[in-house]
Amino acid sequence: MLVYLRTAWRTFTKTNAAVRVIKKFHHKAFSEKYLLLTNVTISLGLSSAGDILEQQYEIYCGELEKWDRTRTSHMAVSGMTVGVICHYWYQILDSRLPGRSLQMVMKKIVLDQLICSPVYISAFFITLGILERKSKEEVFEEMKQKAWKLYAAEWMIWPVAQFVNFYWLPLKYRIFYDNIISLGYDVYTSQVKHTD
């Protein structure tokens, strides 16, 4: 019995120490000082994950021979760019439209769809165009052909998702929530970007 109690106490102590470490990390990561870095890191990581999932699907379907690391790194950089845009966008939105009333939330959703979505989609194609060393004309042509697909998908996914985001979540968790929802959207984004 004594051995069991000692083992249980050690397990409890280790678990409790791990919980304290996680809480400390969480507090620091989502603090004002590190929030931009946290948001960019989350965006970079989940954009990479979305592309990896899409490439694995393409490999499974026989459309791709092997995993393209360069493509994933480019998608990661585009995720990082979008993470910066969204970080500052949410701060601007909350400072101009404070509160969580239904009217404020609806205004934020409309502005998000009409302003941030086109900016985000443009930044996505421009960032990848630069990384792929495309000319301005090639980037513009690709945007003409593919951006509308992403924008249409944005209207199907984000108004409902952003209602939850703007109504219930504090500002510091919005990018984190966005990126969780975006994981599926990032798979689609990668598919649209890399198919003709």
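None of these values were measured; they are calculated from a predicted model.

Reading guide: rules and limits
- Residues numbered from 1 in each chain as written.
- Predicted model: local features only at pLDDT ≥ 70, side-chain atom pairs only at ≥ 80, totals over all residues.
- Heavy atoms only, no water.
- Helix = DSSP H or I, 4+ residues; strand = E, 2+ residues; numbered from the N terminus.
- Contact = heavy atoms within 4.5 Å.
- Phe/Tyr/Trp six-rings, centres within 6.5 Å; stacked < 30°, edge-to-face > 60°.
- Buried < 20%, exposed > 50% of the residue type's maximum accessible area, 1.4 Å probe, protein only.
- Core = buried A, V, L, I, M, F, W, Y, C linked by side-chain atoms within 4.5 Å.

This brings us to the side chain of N39. Residue placement: N39 occurs in helix α2 (residues 35-60). Apart from the residues lying within four places of it in its own chain, the contact partners of N39 are H87, K172 and I175.

This part covers the packing of aromatic side chains. In the structure shown here, the tally under the stated rule is 10 aromatic pairs. Relative to Y173, the ring of F30 has its centre 5.0 Å away and its plane inclined at 55°; by these criteria the two rings are tilted. Pair noted here: F30 is in the loop between α1 (2-29) and α2 and Y173 is in the loop between α5 (136-168) and α6 (174-194), with a separation of 143 residues, a long-range link. With relative accessibility at 21%, the residue Y173 sits in the partly exposed group. Seen in terms of ring centroids, W158 and Y185 are 6.4 Å apart; in terms of plane orientation they differ by 80°. Their pairing is edge-to-face. With W158 in helix α5 and Y185 in helix α6, this residue pair connects regions lying 27 residues apart in the sequence. Each member of the pair, W158 as well as Y185, carries the same accessibility label: buried. Taken together, F30, Y173 and F176 form an aromatic cluster joined through their ring pairs.

Bringing the nonpolar core into the picture now. Core analysis: the biggest nonpolar cluster contains 27 residues, and I121, F124, F125, L150, F166 and Y185 have the highest contact counts within it. Every element with two or more residues in this core is listed here: α3 (69-96), α4 (102-131), α5 and α6. Not counting residues within four places of it along the chain, the set of residues in contact with L150 comprises I121, F124, F125, Y185, Y188, T189 and V192.

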